[in-house]
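Residues per chain are reported as follows:
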Amino acid sequence: MFDTTDPRANLPSTATTSLPEGVDLIQSFEMGALAPDLHDSPGPRRWSVRGATFVVTYSAAEAAEEEQWADVGDESILVVADPEAHLVVTTPAETITIREPSVVILPPGDHSVTAHSASTYVRVVPDHGQDGVPTPRNKDFYATVRPEIDRLPAPQPELSSGRAAVHPLSALVPEPGRFGRIFRSHSLMVNLLEPEDGPRDPDKLSPHLHETFEQCSVTLHGDYTHHLRVPWTPKMSQWRPDEHLVCTSPSITIIPPGMIHTTGGIGDGHHLMMDVFAPPRADFLAMDGWVVNAADY
């Protein structure tokens, strides 16, 4: 997957938008180094991190632990990458069992998830400013509206079937020319990258930037380095030294618009990472065959 045909390598290397001043641009959180945001006995341990338009929650549950999710008025996405996970998810219309790595598009409404074995999973929720969105540890970072970031489309819960769409990852075979494993909801997009063993080739990185949206990178297995560069805009006050941020999984990193970035697994062993975007990326939607569930929208 990581080669010179990676489409990210051809994106612009300089920014025209102004980066925020006077703030720490990089937000990165390693779950193993942080106390959970919430641990309701006997509920799972949870860590929630937000971007401008979404919240990502990483949950680690023991057997018989249950989590309740309030209605957010829009679809959300559940990513189960843990091969040992055994989860039962209840939606307003049905109860589904997940026993293999899967991506699940959840309909609007109240939900619950119960672990039948020790399990980890990630939930991504759009933030339209409504009730029900998990409270993230970095909520103060977005106390001021960030006008450079694209807004979400208005929720359309009436268009939902009311049923979950379950996509087992075992059904997806890597295809030449397809980048990762991309899924979308009405307001969200996740790309669960193909797993890699061993480090990424340092001669085949893909530095790029996004002008109008954040990238949230969630590392699930293995150690990674996020390579981060602030372009030299005309305002010298914005220039920053390069950063090479080492993260141990699981971790969540928010990369702002206008920052050049690329990421590589380091060290031996298994590497797995997913990216989150909100709203769905127009360039990925335009690529034939890239978005696995495009026909649903």
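Residues numbered from 1 in each chain as written. Predicted model: local features only at pLDDT ≥ 70, side-chain atom pairs only at ≥ 80, totals over all residues. Heavy atoms only, no water.

**Q** Residue-level account of the confidence of the model for the chain, with values.
**A** For the chain, mean pLDDT is 90; residues scoring 70 or higher make up 91% of the total. Per-residue pLDDT stays below 50 along residues 1–17; that stretch engages in 41 contacts with residues further than four places along the chain or on separate chains. (pLDDT = per-residue confidence, 0-100. Contact = heavy atoms within 4.5 Å.)

**Q** Quick rundown of the pattern of salt bridges? Include the residues and the values.
**A** Applying the stated criterion across every chain yields a total of nine salt bridges. In this structure, the salt-bridge partner of Asp 242 is Arg 229, at a minimum N-O distance of 2.6 Å. With Asp 242 in the loop between strand E16 (223–229) and strand E17 (243–248) and Arg 229 in strand E16, this residue pair connects regions lying 13 residues apart in the sequence. The exposure class of Arg 229 is partly exposed, given its relative accessible area of 44%. The network of salt bridges with common partners includes Glu 175, Arg 178 and Glu 194. (Salt bridge = Lys/Arg side-chain N within 4 Å of Asp/Glu carboxyl O. Helix = DSSP H or I, 4+ residues; strand = E, 2+ residues; numbered from the N terminus. Buried < 20%, exposed > 50% of the residue type's maximum accessible area, 1.4 Å probe, protein only.)

**Q** Lay out the packing of aromatic side chains in plain terms, naming residues and giving numbers.
**A** One pass over the structure, following the stated rule, counts nine aromatic pairs. Summarising the aromatic geometry, the rings of Trp 47 and Tyr 58 are spaced 6.1 Å apart at their centres and angled 55° between planes, so their arrangement reads as tilted. Here Trp 47, found in strand E2 (residues 45–50), pairs with Tyr 58, found in strand E3 (residues 54–61); they are 11 residues apart in sequence, far enough to count as distant. Both residues of the pair, Trp 47 and Tyr 58, count as buried. Consider the rings of Phe 213 and Phe 277, whose centres lie 5.8 Å apart with planes at 85°: the pair is edge-to-face. Of the two residues, Phe 213 sits in the loop between strand E14 (196–197) and strand E15 (215–221) while Phe 277 sits in strand E20 (residues 270–277), which places them 64 residues apart along the sequence. The two residues Phe 213 and Phe 277 agree in class, both being buried. Site record: aromatic cluster; members linked through ring pairs are Phe 179, Phe 213, Phe 277, Phe 284 and Trp 290. Across the ring face of Tyr 297, the terminal group of Arg 184 is positioned such that the distance to the ring centre comes to 4.7 Å. Taking the ring centre of Phe 284 as reference, the NZ or CZ of Arg 281 above it sits at 3.8 Å. (Phe/Tyr/Trp six-rings, centres within 6.5 Å; stacked < 30°, edge-to-face > 60°. Lys NZ or Arg CZ within 6 Å of the ring centre and 35° of its normal.)

**Q** For the nonpolar core, give the residues involved together with the corresponding values.
**A** Grouped together as the largest cluster of nonpolar side chains are 34 residues, with contacts concentrated most on Val 56, Val 124, Val 190, Leu 220, Met 274 and Val 276. A per-element tally of this core places E3 first, with four residues. The contacts of Val 190, once residues within four sequence positions are left out, are Ile 77, Val 79, Val 103, Val 124, Arg 181, Ile 182, Phe 183, Met 274, Asp 275 and Val 276. (Core = buried A, V, L, I, M, F, W, Y, C linked by side-chain atoms within 4.5 Å.)

**Q** Break down unusual backbone geometry for me, citing the residues and quoting the values.
**A** Looking along the chain, the bond that leaves Ser 249 and enters Pro 250 is cis, with omega of -5°. Assignment of secondary structure puts Pro 250 in the loop between E17 and strand E18 (251–255). Along the chain, Ala 278 connects to Pro 279 via a cis peptide bond; the corresponding omega equals 5°. Its location among the elements puts Pro 279 in the loop between E20 and helix H1 (282–285). Positive phi outside glycine occurs at Ala 64, with the angle close to 80°. Secondary-structure assignment places Ala 64 in the loop between E3 and strand E4 (66–69). A residue is classified by how much of its surface remains accessible, and Ala 64, at 63% relative accessible area, is exposed.

**Q** Break down the side chain of Ser 76 for me, citing the residues and quoting the values.
**A** Mapped onto the secondary structure, Ser 76 falls in strand E5 (residues 76–80). Ser 76 sits in the buried class, given a relative accessible area of 1%.

**Q** Any chance you could break down the sheet that holds E2 for me, citing the residues and the numbers?
**A** Hydrogen bonds between backbone groups are what pair the strands of a sheet, and the pairing can be parallel or antiparallel. Sheet architecture is open: six strands sit in the order E2-E3-E10-E5-E8-E11, paired in antiparallel fashion. Two strands in the sheet have a free side with no partner beyond their single neighbour: E2 and strand E11 (165–168). Looking at each pair of strands side by side, their axes are set apart by 15° on average, direction ignored. The pairing of E5 with strand E10 (residues 119–126) spans three bridges and is antiparallel. (Pairing = 2+ DSSP bridges. Axes fitted to C-alpha atoms, helices over the stretch in contact; angles between N-to-C directions.)

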